[in-house]
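The primary structure of each chain is shown beneath.
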Amino acid sequence: MSDPTSFAPPPAGLLAQLATPRVRIMLAIGSGLLLGLCMPGHQMPFAWTVVFVPLFLALDAQRRSASGGLHRRVLGVAGLCWWVGAMLAAVSGGWVVNTAHVYGGLPLLLAHVVNVLGYGTLQGLDTFLFLGLPFLLAARHPRRLPLLVLAWSAALPPLLPRFLYWTYGQLMFAQAPLVQAADLVGSSGLNPLVVGLNLLLAGALRARLAPWSGARRSLALAAALLALGFAAAGGYGLWRMQAIAERQAVGTPLQLVGVQPNFSLKALASNPALSPSDREQSVAALLADSELALERLPADAAGPIVVVWPESAYPGAYAYNPELRGVVERWVRDRRVHLVLATLDVDDPATPGEPRRVYGATVHVAPDGRVADVYRKIVLIPFGETIPLGDWFPWYRSLLRTAIPQISEFTPGDAYTVFDVAPGVRVAPMICFDAARQEVAAGMTRAGANLGFVLANLAWFGPTTVSSQFEQYIRFRAIENRIPMLMLSQNGTSLLFDARGEPASRRLGQFTQEQLALEVRLPAVASFYARHAPWVHGAFALLLGAVLGWLALSRRSKA
């Protein structure tokens, strides 16, 4: 029997083979491939059940065979995590390749290299921070390791800023009842279910290779607790989905029109022949599409009519072109509709010499033609709308602007603005990657929103799986906050999710010119997570602090 707290060489046989660097790397590559296939668009809805098993076996073998100083142990774990990120990018980062090749002007081979080395390294860093570090912290206390990994996975993700906020709990997206508990703990609060199952399976395999004292009893207890957790999540989800379905039938009505114009981005492309659409951007085209959709609404439709135009559809800044603005205002007054559109907003400098501040913005034009509200986008896309660390390193900013002139430099907004459309209708007017962060939608819901819009332009990413991935971001924001969410992309896909996170409209396809026209009912459904998100994340952080304190005391007593 082997002692799990021992750092002696592992037993001969299969476990000894796991200790070789080549096998550990192969295991990490396996997890990276599985993680890529877990992403929406790859039709492997149950891969999450085993996605991290190879990685956990590799990290455990790395822990047991580590020698030398701390830096060598850190580099060993970081290297394994990098392979996970690189393989994830290779499988599911086609959108990065398309952007770099079609719009960034990079040769196709170099675009693939940028995807693996750039996006893959970011994902490898994520894996190191959220899964690799606990193995380092609990290296000499493996009996405490599972609890540390679980607490770490629930507490840390919401506390660290990231480009793409895909939590491990979201990997269960295909199992609708299991993810409904996100309205209690957020999607990151579901992480322990996924991580716990993979730890259990890795532990069971590890026990078969080299049993330790009490292994069977420990694994049986862990399996029972995990089964209880899945049963509780699934039971709650089934009940919650049924209860919300009954409330949706009697919610506040409104008529919703979403325009997917599919305008061309060829003028911005370095390889315009690879940009799928040819339609020219214009206000006239947006108005014509809106008229087509309005004709499909019933004449006796109940509630206000809200017309929505996506990101990058309106040409220029709404406030800075009086002629175009006048055309839109007259149309809104004639049709007596509310118009919500994505545009740009500009602050002129207060003193000469200061640069203008440009914001991505959503504007609410009321039926009388006036601008009733303006929201400024909070989450900017690195290397698309902002240059990270550009203020600190001006030479680096200048180099990037010269190499990729399409990069914009926007200023982030700082307010969870909500649009008051009508009594009982308050809109969370998010733009694109605002939806990737839990806190934006939750902040707007706490401010009173009961309907969410996510106005996007995914044309940059081409005909890849990015729209499927983006749909799941928005779906989880609907579940967490219990409000319907409209995903409206300039080029598709576009659809409405109800407060259960289930599709409530037809899905408009990628790179098609289409419109949505439907009645939406807004149920009065409360979300514990939306109301108390800071407290939920604080509770997980306290739990992690308690586990870390317990670990520190164990180290001291052992010393």
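Refer to the preceding data block for the structure.
Residues numbered from 1 in each chain as written. Predicted model: local features only at pLDDT ≥ 70, side-chain atom pairs only at ≥ 80, totals over all residues. Heavy atoms only, no water.

Chemist: Give me the lowdown on the overall build of the protein, citing residues and values where you can.
Modeler: Each helix and strand counted, the protein has 17 helices and 11 strands in total. What you see for the protein is a C-alpha radius of gyration of 25 Å, in line with the 24 Å of a compact globule of 559 residues. Principal-axis analysis of the C-alpha atoms places the extent of the protein at approximately 80 × 55 × 45 Å. Burial statistics for the protein: of 559 residues in total, 53% are counted as buried. A sequence separation of at least 24 residues applies to 71% of the contacts in the protein between residues at least 6 apart. A total of about 23,300 Å² of accessible surface is found on the protein, and carbon and sulfur atoms cover 63% of it. (Helix = DSSP H or I, 4+ residues; strand = E, 2+ residues; numbered from the N terminus. Rg over C-alpha atoms; globule rule 2.2 N^0.38 Å. Buried < 20%, exposed > 50% of the residue type's maximum accessible area, 1.4 Å probe, protein only. Contact = heavy atoms within 4.5 Å. Areas by Shrake-Rupley, 256 points an atom, 1.4 Å probe, with all protein chains shown as cover.)

Chemist: Break down the side chain of Ser 489 for me, with residues and values.
Modeler: Along the chain, Ser 489 turns up in strand E9 (residues 485-489). When near neighbours in sequence (up to four residues on either side) are disregarded, Ser 489 contacts Gln 260, Pro 310, Ala 456, Asn 457, Leu 458 and Ser 494.

Chemist: Give me the lowdown on the packing of helix H3 (residues 53-65) against helix H10 (residues 191-209), citing residues and values where you can.
Modeler: Axis separation between H3 and H10 bottoms out at 8 Å; the angle between their running directions is 60 degrees. Of the possible angle classes, the one that applies to H3 and H10 is oblique. Relative to H10, the crossing made by H3 is right-handed. On H10, the residues that touch Val 53, Phe 56, Leu 57, Asp 60 and Arg 64 of H3 are Val 195, Asn 198, Leu 199, Leu 201, Ala 202, Leu 205 and Arg 206. Across the contact of H3 with H10, the residue classes break down as eight nonpolar, one polar and three charged. (Axes fitted to C-alpha atoms, helices over the stretch in contact; angles between N-to-C directions. Parallel < 35°, antiparallel > 145°, perpendicular 65-115°, else oblique. Left-handed = near helix turned anticlockwise from the far one by under 90°. Nonpolar A, V, L, I, M, F, W, Y, C, P; charged D, E, K, R; others polar.)

Chemist: Kindly report on the sheet that holds strand E6 (residues 419-422), identifying the contributing residues and their values.
Modeler: Judged by pairing direction, the sheet is mixed, and its five strands sit side by side in the order E6-E7-E8-E9-E10 without closing on themselves. Across the chains shown, the open sheet's two edge strands, defined by having one partner strand only, are E6 and strand E10 (495-497). Here the strands of the sheet are splayed against their neighbours by 25 degrees on average, with no regard to which way each runs. The pairing of strand E8 (residues 451-456) with E9 spans five bridges and is classified as parallel. The partner of Phe 453 across the bridge, within E9, is Leu 486. Contacts from helix H15 (residues 438-446) reach strand E7 (425-431) and E9 within the one sheet, and its direction differs from that of E7 by about 160 degrees. In the packing of helix H16 (residues 466-481) onto the sheet, the strands contacted are E8, E9 and E10, and the crossing angle to E9 comes to about 155 degrees. (Pairing = 2+ DSSP bridges.)

Chemist: Describe in detail the sheet that holds strand E1 (residues 252-260), supporting the description with residues and values.
Modeler: An order of E5-E4-E3-E2-E1-E11 is seen for the six strands of this open sheet, with the pairing classed as mixed. Two strands lie at the open edges of the sheet, namely strand E5 (371-376) and strand E11 (514-522), each paired on one side alone. Strand-to-strand twist across the sheet, computed as the mean angle between neighbouring axes with direction ignored, equals 30 degrees. Sheet strands in contact with helix H12 (residues 283-294) are E1, strand E2 (305-309) and E11, and its direction is about 140 degrees off that of E2.

Chemist: Let's hear about the environment of Phe 52: which residues, and what values?
Modeler: Along the chain, the position of Phe 52 falls in the loop between helix H2 (21-38) and H3. Ignoring anything within four residues of it in the chain, the contact list for Phe 52 reads Ser 31, Leu 35, Leu 131, Tyr 168, Leu 171, Val 194 and Asn 198.

Chemist: An account of the nonpolar core is requested, with residue identities and associated values reported.
Modeler: The biggest cluster of nonpolar side chains holds 123 residues, and the ones touching the most others in it are Trp 48, Phe 52, Phe 56, Leu 171, Met 172, Phe 453 and Phe 470. Take this core: its biggest share by element is eight residues, from H10. Among all residues touching Phe 453, those that are not within four sequence positions of it are Leu 256, Val 306, Val 308, Val 340, Val 427, Ala 428, Pro 429, Met 430 and Leu 486. Counting 23 residues, the second largest nonpolar core, distinct from the first, contains Ala 285, Trp 309, Trp 331 and Leu 341. (Core = buried A, V, L, I, M, F, W, Y, C linked by side-chain atoms within 4.5 Å.)

Chemist: Can you lay out the pairing of E6 for me, pointing to particular residues and giving the numbers?
Modeler: Taken together, the three bridges between E6 and E7 define a ladder with antiparallel strand orientation. Bridge pairing in E7 links Ala 422 to Val 425. Turn length for the E6-E7 hairpin, with the two strands adjacent in sequence and antiparallel, is two residues, and the turn residue Gly 424 shows positive phi of about 85 degrees.

Chemist: Any details on helix H6 (residues 108-137)? Residues and values, ideally.
Modeler: Taking 1.5 Å of rise per residue, the 30 residues of H6 would be expected to cover 44 Å, and the 41 Å separating its terminal C-alpha atoms lies within 8% of that figure. A bend of about 40 degrees at Phe 128 is the largest found in H6. (Expected span 1.5 Å × (residues − 1). Bend = angle between axes of the 7 residues up to and from the residue.)

Chemist: Give me the lowdown on the environment of Ala 478, citing residues and values where you can.
Modeler: Assignment of secondary structure puts Ala 478 in helix H16. For Ala 478 and Trp 95, which are 383 residues apart along the polypeptide, the C-alpha to C-alpha distance reads 24 Å. Ignoring sequence-local partners within four residues, the contact set of Ala 478 consists of Ile 483, Met 485, Phe 497, Asp 498, Ala 499 and Gly 501.

Chemist: Lay out the packing of aromatic side chains in plain terms, naming residues and giving numbers.
Modeler: Applying the stated rule across the entire model yields 13 aromatic pairs. Aromatic pair Tyr 236 and Trp 239: ring centres 5.8 Å apart, planes at 50 degrees, arrangement tilted. Remark: Trp 239 and Tyr 236 occur in helix H11 (residues 215-248); sequence separation between them is three residues, near one turn of the helix. You can call Trp 239 exposed: its relative accessible area is 51%. Taking the centre distance of 5.5 Å and the plane angle of 55 degrees together, the rings of Tyr 314 and Tyr 318 count as tilted. For Tyr 314, a relative accessible area of 3% corresponds to the buried category. Take Tyr 318: its relative accessible area is 2%, and that puts it in the buried class. (Phe/Tyr/Trp six-rings, centres within 6.5 Å; stacked < 30°, edge-to-face > 60°.)

Chemist: Go over the environment of Leu 225, please, and point to the residues and values.
Modeler: Locating Leu 225 in the fold gives a position in helix H11. Judged by its relative accessible area of 55%, Leu 225 falls in the exposed class.

Chemist: Can you tell me about helix H13 (residues 322-335), naming the residues and giving the values?
Modeler: When the terminal C-alpha atoms of H13 are compared, their 20 Å separation across 14 residues agrees well with the 20 Å that a helix rising 1.5 Å per residue should span. Listed as buried for H13 are Gly 326, Val 328, Glu 329, Trp 331 and Val 332. On its buried side, H13 packs onto H12, E2, strand E3 (338-347) and strand E4 (357-365). Positive phi shows up at Arg 336, right after H13, with a value of about 55 degrees.

Chemist: Kindly report on the packing of H3 against helix H4 (residues 70-92), identifying the contributing residues and their values.
Modeler: Relative orientation of the contacting elements H3 and H4 amounts to 165 degrees, with a least axis distance of 10 Å. Here H4 runs roughly antiparallel to H3, going by the angle between their axes. At the point where H3 passes H4, the crossing takes the right-handed sense. Facing Leu 55, Ala 58, Leu 59 and Gln 62 of H3, the residues of H4 in contact are Gly 76, Val 77, Leu 80 and Val 84.

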